[in-house]
Amino acid sequence: MAVWSVDVGTARAVISSTAGSVSALEEPLTRLRGAVDGIAAAVPSAQVQEALGALIENGVVPATTDVLERSTAALTGTSQAVGFYADGDLAMASTAASSASTVHLPVSALGR
């Protein structure tokens, strides 16, 4: 079994800070969508408006949603691992840490 030496307070502070950074991404992404919608409304071409709408709905929204969901999942798993460690359950901490470090990419993200 691995020997761990974790400063629980520092780990929780880093997790909290990182969670704040992830949460802070939501507002700029909302503003980006609003800005592109504003540009589309200002352009007289229906084709350009459609293209900008498709960019947001088919590219930006799914990609940013994926980043936010994966970041939240990693933070949750890491937080659970630190909690288990703090409670002295090293086997559960190891399992949670392993889960938090695993990233499952959809086949489409691999360019196939």
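Residues numbered from 1 in each chain as written. Predicted model: local features only at pLDDT ≥ 70, side-chain atom pairs only at ≥ 80, totals over all residues. Heavy atoms only, no water.

J.: Where do I start with the overall build of the chain in this structure?
T.: The secondary structure content of the chain amounts to 4 helices and 0 strands. Within the chain, the proportion of its 112 residues that are buried is 16%. For the chain, the share of sequence-separated contacts (at least 6 apart) that also reach a separation of at least 24 residues comes to 65%. Surface summary for the chain: the accessible area is close to 7,600 Å², and the carbon and sulfur share equals 60%. (Helix = DSSP H or I, 4+ residues; strand = E, 2+ residues; numbered from the N terminus. Buried < 20%, exposed > 50% of the residue type's maximum accessible area, 1.4 Å probe, protein only. Contact = heavy atoms within 4.5 Å. Areas by Shrake-Rupley, 256 points an atom, 1.4 Å probe, with all protein chains shown as cover.)

J.: How should I be thinking about the pattern of salt bridges in this particular structure?
T.: Pairing of side chains with opposite charge becomes possible as their charged atoms draw close. The final tally for this structure, using the stated rule, is 3 salt bridges. Ionic pairing is found between Glu 57 and Arg 33, a salt bridge with its closest N-O pair at 2.2 Å. Within this pair, whereas Glu 57 is found in helix 3 (residues 46–86), its partner Arg 33 is found in helix 2 (residues 26–42), the two being separated by 24 residues in sequence. Since its relative accessible area comes to 40%, Glu 57 is described here as partly exposed. Under the relative-accessibility criterion, Arg 33 is labelled partly exposed at 35%. (Salt bridge = Lys/Arg side-chain N within 4 Å of Asp/Glu carboxyl O.)

J.: Before we go on, may I ask you to explain the environment of Gly 38 in this structure?
T.: Summarising the element assignment, Gly 38 is placed in helix 2. The class for Gly 38 is partly exposed, based on a relative accessible area of 38%. For the pair Gly 38 and Gln 49, spaced 11 residues apart in sequence, the C-alpha to C-alpha distance is 9.9 Å.

J.: Which parts of the structure should I look at to understand the confidence of the model for the chain?
T.: Low-confidence regions, as indicated by low pLDDT, have predicted coordinates that should not be scrutinised in detail. When the pLDDT values of the chain are averaged, the result is 83; 84% of them are 70 or greater. Predicted confidence in the chain is weakest over helix 4 (residues 90–100), with a mean pLDDT of 74, and strongest over helix 1 (residues 8–24), with 94. (pLDDT = per-residue confidence, 0-100.)

J.: What's the story with the nonpolar core in this structure? I'm lost.
T.: If you look at soluble globular proteins, the nonpolar side chains tend to sit buried side by side. Listed in full, the 9 residues of the largest apolar core are Val 8, Ala 11, Ile 15, Val 22, Leu 68, Leu 75, Val 82, Tyr 85 and Ala 93. The set of elements that each furnish at least two residues to this core consists of helix 1 and helix 3. (Core = buried A, V, L, I, M, F, W, Y, C linked by side-chain atoms within 4.5 Å.)

J.: I tried to follow the packing of helix 1 against helix 2 on my own but got confused; where do I start?
T.: Geometry of a packed helix pair, given as the angle between the helix axes and the separation of the axes. Packing of helix 1 against helix 2 brings their axes to within 4 Å, and their N-to-C directions diverge by 10 degrees. In this view, helix 1 runs roughly parallel relative to helix 2, as classed from their interaxial angle. Counting all contacts with helix 1, which are made through Val 22, Ser 23 and Ala 24, the residues of helix 2 involved are Glu 26, Glu 27 and Pro 28. (Axes fitted to C-alpha atoms, helices over the stretch in contact; angles between N-to-C directions. Parallel < 35°, antiparallel > 145°, perpendicular 65-115°, else oblique.)

J.: Before we go on, may I ask you to explain the environment of Ile 15 in this structure?
T.: Its location among the elements puts Ile 15 in helix 1. Relative accessible area serves as the criterion here: at 13%, Ile 15 is assigned to the buried category. Along the primary structure Ile 15 and Leu 75 are separated by 60 residues, whereas in three dimensions their C-alpha atoms are 6.5 Å apart.

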